[in-house]
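Take a look at the letters that make up each chain.
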Amino acid sequence: MPSRKFADGEVVRGRWPGSSLYFEVEVLSHDSKSQLYTVKYKDGTELELKESDIKPLTSFKQRKSGSTSSSPSRRRGSRGSRGSRGSRSRSRSRSPGRPRKSSSQSSRRSASASHNVDIKEMRKEVLEVKLTPLVLKPFGNSITRYNGEPEHRERNAIPHKNTQEQFPLSQESSYISTQYSLRPRREEIKLKEIDSEEENIVLKGTTLSRTLEVTATQTKDLEFGGVPGVFLIMLGLPAFLFLLLLLCRQREPSLLNFPPPLPALYDLWETRVFGVYLLWFFVQALFYLLPIGKVVEGTPLTDGRRLKYRLNGFYAFLLTSAAVGACLFWGVELYYVYRHFLQLALAALVFSVGLSVYLYVRALRVPRAELAPASSGNAIYDFYIGRELNPRIGTFDLKYFCELRPGLIGWVVINLVMLLAEMKLQNRATPSLAMVLVNSFQLLYVVDALWNEEAVLTTMDIIHDGFGFMLAFGDLVWVPFIYSFQAFYLVHHPNEVSWLAASLIVAVKLCGYVIFRCANAQKNAFRKNPTDPRLAHLKTIHTSTGKSLLVSGWWGLVRHPNYLGDLIMALAWSLPCGFNHILPYFYVIYFTALLVHREARDERQCRRKYGAAWAEYCRRVPYRIVPGVY
Ligand code: NDP
């Protein structure tokens, strides 16, 4: 059995992963199996290091004050104290970004010059640290593992060529990679705080501020066609939504009857309906606040914090079902929702615009660290994409709440209303088979989303996009009023479906659902525990962030098997409406466009995050959504 060199409790120097820097650490334990030492830095960081990355204290020559650092943050300071600034004596002078106060111009110039050198060194060091292969235990504590493995080691497969040269990680990529590396980000935040203090003293607007850009959370890559694009989307989408609803109400919707008769504005607005909408929203908010359901932590934020989220969406759904059941039992006229469908859509639109304004205004005051990575600093763009990442009122998380509650559960209730409206308007004793299919397919989709609510915490909506018009309108207006489109269509355009056709449609739906659920479950299980024995047969590529990518199983079929399943399901939702009109297929067309665009966004982010490993993944799995086609 191999012996260990360092004892528990021994104070030694440990290499900071990815750099050549050594800091004072205490040995906490040693794993004889992996031959790794768990060590603790003076600032509390715990890492697992190989023996070769640990040196006895005696092997280092002691320097004078300021040069014998004991934590990465201090080490930065010690670098700053080298060179022309070696004579500084106060401990605060450890910060590399801090210039000396000098009375003379010459010493000011030399301070600035040495400062620039230090900034360069510091930037290099920060980037080095950011590129280290750290593994954050998923959904667990902050112990990280550095195992000295090369950039993208692979499991269950022959080694492959490192494509790092063809795909160098940009500064941006290294920034994103630190989302999974708590410690370095904390260091950066500290560094930023110290630096901004110092900026006010002497060097406002110089090298220092440029350094801060390296770690800035806002993006310059505007998506959705940039400012003009989002401006048009914000004006166009609501108008398009009403156009679709009006078209759907027409007996013979066609280009010949275009445009559909437009209702008078006062027919679209009714304050009471707005009150009903508010009631719905706040009842859902009440359900969200109920102390039932488990509390989990989200992915680490840039400052290392992990927000807590209560998973009670499924309970909210059950409570809503009970409330709707009670309404039906006591004869409450749910047909009201159908009669005021357009007014309700307008009420939801007005509410979502009001919410977006509130979100934008409050986001103007939040610290930089709380801005969404997708935000840009441009007012119009940020109003759309969302400026603040996780707007909360106390513990009430506005974005997380809106993602899965009022809109998604509202969609199911609207579908039920359409089923009742169909029976009423078409004088049916029972709903049509087509309506039953649409209702049950979409019910399954919503229940699945609520049952697997935790998965939303790792989506780009939560970790990348802010909460602005895009998600407020999408979650509160588009989902309930457009996703229920097939049911709305069937109220006005009945379609009889044979049992044979129904069986085929069910088969399509199940096929889509199996792909969708299995692919999502496989990725979620892997993200939760990459060493899950049930996934041991899958091939993976190790990445520089410490996370791995699945390269076989569902994720070896195409790069977004879950999107493929979702699209097949979308088709199954439209098929019960028959082939008389393209309108019920609007959802499939729109959803294809949405997922193709979303895939491109995700692809860009993954390329930044994973660099060479992502390039290798794309090489191994060339198709994005549909095998052999796209
Ligand atoms: P995904 O669930 O596909 O997640 C993409 C992320 O998964 C990547 O950013 C990456 O994140 C990780 N990943 C990618 N490839 C791999 C791999 N090979 N191995 C391991 N991890 C990988 O994206 P979405 O959040 O867009 O979608 C979630 C679900 O929601 C999907 O099923 C989608 O169809 C559905 N959806 C539905 C919508 C609707 O309106 N009905 C709208 C949008 C989505 P990381 O590495 O950081 O973990």
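- The protein chain goes by Delta(14)-sterol reductase LBR in an unreviewed UniProt entry, where it is assigned to Molossus molossus.
- Of the comments in the UniProt record for the protein chain, the one headed Sequence similarities (unreviewed entry) reads "Belongs to the ERG4/ERG24 family."

## A closer look at the site of the ligand
Here comes step 1: The ligand sits among 25 residues. The nearest are Arg-527, Tyr-563, Asp-566, Arg-598 and Tyr-610.
Here comes step 2: For the ligand, an oxygen atom lies 3.0 Å from a polar atom in the side chain of Asn-520.
Here comes step 3: At 3.1 Å from a nitrogen atom of the ligand is found a side-chain nitrogen or oxygen belonging to Tyr-617.
Here comes step 4: Burial of the ligand by the protein chains amounts to 88% of its free accessible area of 910 Å².
Here comes step 5: When residues of the shell around the ligand are traced back to their parent elements, those giving at least two are α19 (499–528), β14 (548–550), α21 (561–574) and α22 (586–620).
Here comes step 6: Tallied by class, the residues present in the shell around the ligand amount to 14 nonpolar, four polar and seven charged.

## A look at the pattern of salt bridges
Here comes step 1: Taken as a whole and assessed by the stated rule, the structure comprises 22 salt bridges.
Here comes step 2: Residue Arg-387 pairs with Asp-382 through a salt bridge whose shortest N-O separation is 3.9 Å.
Here comes step 3: Exposure remark for Arg-387: the relative accessible area of 14% places this residue in the buried category.
Here comes step 4: Judged by its relative accessible area of 1%, Asp-382 is buried.
Here comes step 5: The residue Lys-528 makes a salt bridge to Glu-454 at a minimum N-O spacing of 3.6 Å. With Lys-528 in helix α19 and Glu-454 in the loop between α15 (433–451) and α16 (460–463), this pair connects stretches of sequence that are 74 residues apart.
Here comes step 6: Several salt bridges converge on common partners, so that one network encompasses Glu-223, Asp-465, Arg-601 and Arg-604.

## Examining unusual backbone geometry
Here comes step 1: Positive phi, normally seen in glycine, also occurs at Phe-224, with a value near 60 degrees.
Here comes step 2: One can find Phe-224 in the loop between α5 (207–215) and α6 (226–249).
Here comes step 3: Phe-224 gets classed as buried once you look at its relative accessible area, which sits at 18%.
Here comes step 4: Notably, Asn-427 is not glycine yet its phi reads approximately 50 degrees, a positive angle.
Here comes step 5: Its place among the elements puts Asn-427 in the loop between α14 (406–425) and α15.

The rules behind the values
Residues numbered from 1 in each chain as written. Predicted model: local features only at pLDDT ≥ 70, side-chain atom pairs only at ≥ 80, totals over all residues. Heavy atoms only, no water. UniProt positions renumbered as here; feature names shortened; annotations may be inferred. Near = heavy atom within 4 Å. Polar contact = N/O pair within 3.5 Å; in protein donor to acceptor, adjacent residues only side chain to side chain. Areas by Shrake-Rupley, 256 points an atom, 1.4 Å probe, with all protein chains shown as cover. Helix = DSSP H or I, 4+ residues; strand = E, 2+ residues; numbered from the N terminus. Nonpolar A, V, L, I, M, F, W, Y, C, P; charged D, E, K, R; others polar. Salt bridge = Lys/Arg side-chain N within 4 Å of Asp/Glu carboxyl O. Buried < 20%, exposed > 50% of the residue type's maximum accessible area, 1.4 Å probe, protein only.

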